[in-house]
Each structure stands twice: as C-alpha cells, then as structure tokens.
Amino acid sequence: MHRVDRRSILAGSLVLPALGLSSGAWAMDDDPFWRSIAAQFTPPTDVIQLENGNWGMMPRPVFEAYQAQLARVNRDTSFYARRGLTKDLMAVRDRAAASMGVAPDELVLTRNATEALETLILGYNRLQPGDAVLIADLDYDSAQACMASLVRTRGVQLVKIDLPEPATRQAVIDAYAAALAANPRLKLILLTHLSHRTGLVLPVREIAALARAKGADVIVDAAHSWCQLDFAVPDLDCDFVAVNGHKWLGAPLGVGFLHVRKAALGKIDRHPANAAGGPDTLFSKVHLGTYDFAASMTVPTALAFQQAIGSTRRAERLRALRDRWVMRARQIDGIEVLTPDDPASHGAITSFRVRGVVTSEANARLAARLLDQHRIFTVHRDGIAGGACVRVTPALFNSMADMDRLAEALPDLVRFARG
C-alpha cells in the first residue's frame, strides 16, 4: 500500500504512485493503479457499499489531514482564527477556484451545495410579480422547495416539468425549450447538472443558451457532477453554480462552494446578516458565521488526491463501474434501467426499477432485499414522474466484482417483486 508522509498530507501536495495505465486497464480489478487507489479507503467489510451519493468517503490521506486540522483548530482556537485563518481560507478558495477553472473572486466557500443554492435562489433580485420560475421533477427536493417559496415571497408563478423517460439528450433539450416557449415570463430556471435521483446528466450549456435567448437566468446545481464527471465549471457557461466538496471530491462533511460570474454579481442580493455598506463582493452574498474551519482547510489535500488521479481517468473508472452492472442488467427480463447509456448523459449514478414496480414503498422493499439477502447497500428514490426506483452509486474503492454481485442479485429482485 502506498504511503505518504505527514508533511505532504498537511501541505495538500499528495502524490500517488506513477503507475502506467494501459488502454482499457481501468476496467480491470487487477490493475495496480486502481488497487493503489482502493487501498486509500476503508469501506465497511460487512456490506458492499453502493450508496455513496449522500456523501463520499474521505480517502486515508484526506482523513488524516482532517484530523490534523481539527487538532490545530481545537488547540489554537481564537489565536489562530484572529491571526491566520482568513489568509489560509483564501488560499483554500484560490486553490479550489483553480481546480474548477474560475477566477478566485468568483468563488466563495459554503457549508454545502444546498446552502449555496439557497443563497442564489433567495438572493436572486430580478424577479417581479407575475414572472415565472422553472423546476423539474429530478431536481433536489430542498432546491425545489426554495424555488417554490418564491411564489409566496416574490409573487411569481412556479412551473414544474417532468423530464422525459427514457431520456435522450435531445429530448431533454426539447422539454426545456417547450417550457420556455409556453411561459414567456419565465425568468429563472433551476438546472441539476447530474440528478441525485436517476443519475441523468443534463446538457446544461445548451439549455442555458436557450434560456439566455429568452431573457432567463439559470442556477446550476452541480452538487453531484463536480469530480464525478470530467468537466470544468466554465464548460457549463452559466452565471450561477453551486458545488459540493463532501461528495465526489472526498472532502470532509461541511464543504461546499458557490460560483457567481463577475458580470452577474449584482443579480444576487447582499446577505441580510451582513451589515449594509462595504464592497459588493461575492463574500457579501454569503454569511457562514462560525463553522467547521478544519473541514475547509482539508480541501487542498482532497484536491491533491483527485488531481493525482486525473479527472478523465476518474470519470472513465466511474463509468466503467457503472457500465459493468448496467450492461448485464439490461439483459434481465423485468429490469428497467432509467439512466441512458449515452456517455454524455450519465456518470457513476444509475437507477433501476423492476418493471411495473413504481411505488416508493415497493422500491424501499427492493433496496432492503438487496441489503438483507445480498449484503449490497443501495437506496430507493422517489419524486420521479415514472415512479420510484432504486439508486446505485459506486465509488472509486468499489471493484468490478462488486458490480458483478449486484448484477447477479437482480433476478432475485424480480422474483421477489412479483411474489
């Protein structure tokens, strides 16, 4: 197992073994590179963990760095907070901005993507009574609720669409184009880059261009896409983006980011907890108070770990894990895979259901069956127009054998569902 020294961990300059990766080798369990990556995680031994979407497991060097930062914050308390913390947090922000491909003053730390979305949605100041805002069935529940609250607070109309199932890239674009055409006063759209429900990846750049042409702004929920997909934030070509650090980056719980382009800064109000006056910067839009500084200070080590892997290599591995079980699942009579096979429309997350089994309760029983009988941990998801499903979320520590075990368990789920 590769080890790194403590100094490298704390400096965030982790270097993983420079192992070669032959063509197609990322799909094999015996590849030495992926064995070295898996060795940096400590998953549970009594289950196959395929529910990694809630938050991601910190790899060992990140966990050790977090422990060291916790010890420092606990030991030095205000002496550190009042003398060096702000400078260090700015360095964290700058490093994260470079990783995302955005200007440092266009990024600010938050505690999670939900907080960032709340700040953007509730702070957006271009709405007038009678305007419309748009959400979709696959958007995150809290983000949908925030958008719905604008009906009461801003006097707008809420438009909700169901995304097509089965989805294609063009069908998704057409769904948003139709909503824009049918609602000429549409001013704000919530787009989830990668759905936490089914894993569907939206063509955000194309939809945002359609919105701009109609005078509408877009807020992007990139909680699941950053570090799961191979992209940079500017690729989305959107003014407002919310990002999570404790999911696919593998940072500690309590790390998120909010991105606002400079030209759009005036569209977001100053946070009411911040005193009036002063410079109109992105920092004035967010108010965190006292929070887990150690979590934010661990971000450089998490970034170093992921950068040593490489975004393209990481995305390919996650897709390979997903494809391993999905290709077999599509051959099983009675199993419906909800996420498209188009590589542009999925990452690691993919959902399935037994044909005709669409209630939340029934899919909860299927997830329980996987755990109780096969020791495979997944989760069921509802809020989808076509009915509830079971979500599978592999991570970098999973193996192809794990995915084979899932595929082998699916016929039992069909029999179980049909009594």
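For clarity, every value in this text was computed on a predicted model and none was experimentally measured.

> I would appreciate a short explanation of the packing of helix 11 (residues 311–329) against helix 13 (residues 400–417) in the present structure.
Helix-helix packing: each pair is described by the crossing angle between the helix axes and the interaxial distance. Viewed as axis vectors pointing N to C, helix 11 and helix 13 meet at an angle of 25°, and their least axial separation amounts to 8 Å. By the criterion of interaxial angle, the relationship of helix 11 to helix 13 is roughly parallel. Both helix 11 and helix 13 take part in a crossing whose hand is right-handed. Contacts between helix 11 and helix 13 involve Arg317, Ala320, Leu321, Arg324, Trp325, Arg328 and Ala329 on the former and, on the latter, Met400, Met403, Asp404, Leu406, Ala407, Glu408 and Leu410. Looking at side-chain class alone, the contact of helix 11 with helix 13 contains nine nonpolar, no polar and five charged residues.

> What should I look at first to understand the sheet that holds strand 9 (residues 335–337) in this one?
Paired through their backbone hydrogen bonds, the strands of a sheet run either parallel or antiparallel. Pairing within the open sheet is antiparallel, and its four strands lie in the order 9-10-13-12. Lying at the two open borders of the sheet, with one neighbouring strand each, are strand 9 and strand 12 (379–381). Across the sheet, the axes of successive neighbouring strands diverge by a mean angle of 35°, strand direction being ignored. Bridge count for strand 12 against strand 13 (residues 389–392) is three bridges, and the pairing is antiparallel.

> Help me understand the layout of surface pockets, please; the structure alone is not making it clear to me.
Rolled over the atoms, a probe with the dimensions of a water molecule shows which regions are left empty. In this structure, the largest pocket spans a volume of roughly 430 Å³. Contributing to the lining of the largest pocket are 18 residues, with Leu89, Leu288, Gly289, Tyr291 and Phe293 lying nearest its centre. At the level of elements, helix 3 (60–81), helix 4 (85–100) and strand 2 (107–110) are the ones that each hand at least two residues to the lining of the largest pocket. Element by element, the count of residues in the lining of the largest pocket is highest for helix 4, at four residues.

> How should empty space enclosed by the protein be read in this particular structure?
Taken as a whole and judged by the stated rule, the model has three cavities of 30 Å³ or more. When its volume is computed, the largest cavity comes out at roughly 150 Å³. Lining the largest cavity are 15 residues, and of these Met57, Lys247, Trp248, Ala395 and Leu396 lie nearest its centre. Residues that form the lining of the largest cavity fall into these classes: nine nonpolar, four polar and two charged. Leu138, Pro164, Glu165, Thr198 and Leu338 are, among the 13 residues lining the second largest cavity, the residues nearest its centre.

> What am I meant to see in the side chain of Asp88 here?
Assignment of secondary structure puts Asp88 in helix 4. A relative accessible area of 18% means that Asp88 is categorised as buried. The residues touching Asp88, leaving out its near neighbours within four places in the chain, are Arg72, Tyr80 and Met297.

> Just to check I follow, could you spell out helix 6 (residues 141–154) for this structure?
Residue pairs three or four apart in sequence face the same way in an α-helix, which turns once every 3.6 residues. A rise of 1.5 Å per residue sets the reference length of helix 6, with its 14 residues, at 20 Å; its end C-alpha atoms lie 20 Å apart and thus fit the reference within 8%. Within the sequence span of helix 6, burial applies to Ala143, Gln144, Cys146, Met147, Ser149, Leu150 and Arg154. Contact partners of the buried residues in helix 6: helix 5 (113–123), strand 3 (132–136), strand 4 (157–161) and strand 5 (186–192).

> Would you explain the packing of helix 4 against helix 10 (residues 299–309) in this entry?
Running from N to C, helix 4 and helix 10 cross one another at 25°; their axes reach a closest spacing of 9 Å. By the angle class used here, helix 4 and helix 10 are roughly parallel. Of the two elements, helix 4 crosses helix 10, and the hand of that crossing is left-handed. Listed contacts from helix 10 to Val92, Arg95, Ala96 and Ser99 of helix 4 are Val299, Pro300, Leu303, Ala304 and Gln307. Of the residues in the contact of helix 4 with helix 10, the class split is six nonpolar, two polar and one charged.

Criteria and cut-off values
- Residues numbered from 1 in each chain as written.
- Predicted model: local features only at pLDDT ≥ 70, side-chain atom pairs only at ≥ 80, totals over all residues.
- Heavy atoms only, no water.
- Axes fitted to C-alpha atoms, helices over the stretch in contact; angles between N-to-C directions.
- Helix = DSSP H or I, 4+ residues; strand = E, 2+ residues; numbered from the N terminus.
- Parallel < 35°, antiparallel > 145°, perpendicular 65-115°, else oblique.
- Left-handed = near helix turned anticlockwise from the far one by under 90°.
- Contact = heavy atoms within 4.5 Å.
- Nonpolar A, V, L, I, M, F, W, Y, C, P; charged D, E, K, R; others polar.
- Pairing = 2+ DSSP bridges.
- 1 Å grid on protein atoms, 1.4 Å probe; cavity = no way out; pocket = protein on both sides within 12 Å on 5 of 7 lines; lining within 4 Å.
- Points joined across faces, edges and corners; volume = space filled by probe spheres on them.
- Buried < 20%, exposed > 50% of the residue type's maximum accessible area, 1.4 Å probe, protein only.
- Expected span 1.5 Å × (residues − 1).

Function cannot be read off these values alone, since they describe shape.
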